[in-house]
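Notes for the structure review
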Amino acid sequence: MLTAIVLIDADAARIPEVAQEVAELDGISEVYSVTGDIDLIALARVAQHEDLAKVVADKLGKVEGVVRTQTYIAFQAYSRHDLEQAFHIGLD
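Per an unreviewed UniProt entry, the recorded name for the protein chain is Lrp/AsnC family transcriptional regulator, and the organism is Georgenia subflava.

**A short note on helix α2 (residues 49–59)**
Residue pairs three or four apart in sequence face the same way in an α-helix, which turns once every 3.6 residues. Those residues of α2 lying buried are Leu52, Val55 and Val56. Projected down its long axis, α2 shows its buried positions confined to an angular sector of 80°, all on one face.

**Description of helix α1 (residues 15–23)**
Every buried residue of α1 is listed here: Val18, Ala19 and Val22. Seen along its axis, α1 keeps its buried residues to an arc of 100°; they face one direction. For α1, the elements touching its buried residues are β1 (2–10), β2 (28–33), β3 (40–46) and β4 (66–73).

**Brief notes about the environment of Tyr72**
Take Tyr72: it is sitting in strand β4. Put simply, Tyr72 and Val6 are 66 residues apart on the chain and 6.3 Å apart in space, counted from C-alpha to C-alpha. For Tyr72, the residues in contact, after removing those within four places along its chain, are Thr3, Ala4, Ile5 and Leu7.

**Considering the sheet that holds β3**
What the 4 strands build is an open sheet, ordered β2-β3-β1-β4; its pairing is antiparallel. Strands with a single pairing partner mark the edges of an open sheet, and in this sheet they are β2 and β4. For this sheet, the mean inter-axis angle between neighbouring strands, taken without regard to orientation, is 20°. Of the pairings in the sheet, the one linking β2 to β3 comprises 5 bridges and is antiparallel in character. What sits directly across from Tyr32, in β3, is Ile41. Sitting on the sheet, α1 touches β1, β2, β3 and β4, and the angle it makes with β2 is about 165°. Of the strands in this sheet, β1, β2, β3 and β4 are in contact with α2, which crosses β4 at around 165°.

Conventions used here
Each chain has its residues counted from 1, following the order in which its sequence is written. In keeping with the predicted nature of the model, local features appear solely for residues at pLDDT of at least 70, side-chain atom pairs appear and are counted solely at 80 or more, and the whole-chain, interface and lining totals rest on all residues. As a rule here, side-chain values come from all non-hydrogen atoms in the structure, and water together with hydrogens is ignored. Remark: exposure states derive from per-residue accessible area (1.4 Å probe, protein chains only) relative to the maximum for the residue type, with buried under 20%, exposed over 50%, and partly exposed in between. Runs of H or I in DSSP of at least four residues are treated as helices and runs of E of at least two as strands, each being numbered from the N terminus. Here, the arc refers to the directions that run from the helix axis to the C-beta atoms. The contact criterion used is simple: two residues touch if any of their non-hydrogen atoms lie within 4.5 Å. When DSSP finds two or more bridges between a pair of strands, those strands are recorded as paired. Structural elements are reduced to axes, namely lines fitted to C-alpha atoms, with helices fitted over the stretch in contact, and the angle between N-to-C directions of any two is expressed from 0 to 180 degrees.

Below, the structure written as structure tokens:
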């Protein structure tokens, strides 16, 4: 499974519509409206790099109101659960 974080700049008049349309795309698991320099953050979860290209370039990039995207591919996930297990290694 390949996970990517996609930062989305959107037309201010269409942010809610863009968020909803992006959330409905196959390969997008979550979309968040955020504060700061960007408008939305989407999480893409796909099987292969080629699938990511289809989701971001072929689908997400063509949603009306998407102005620009920046995509970051995740290498490794860290969660609170993983960190708690790491701290308990060798303590038994």
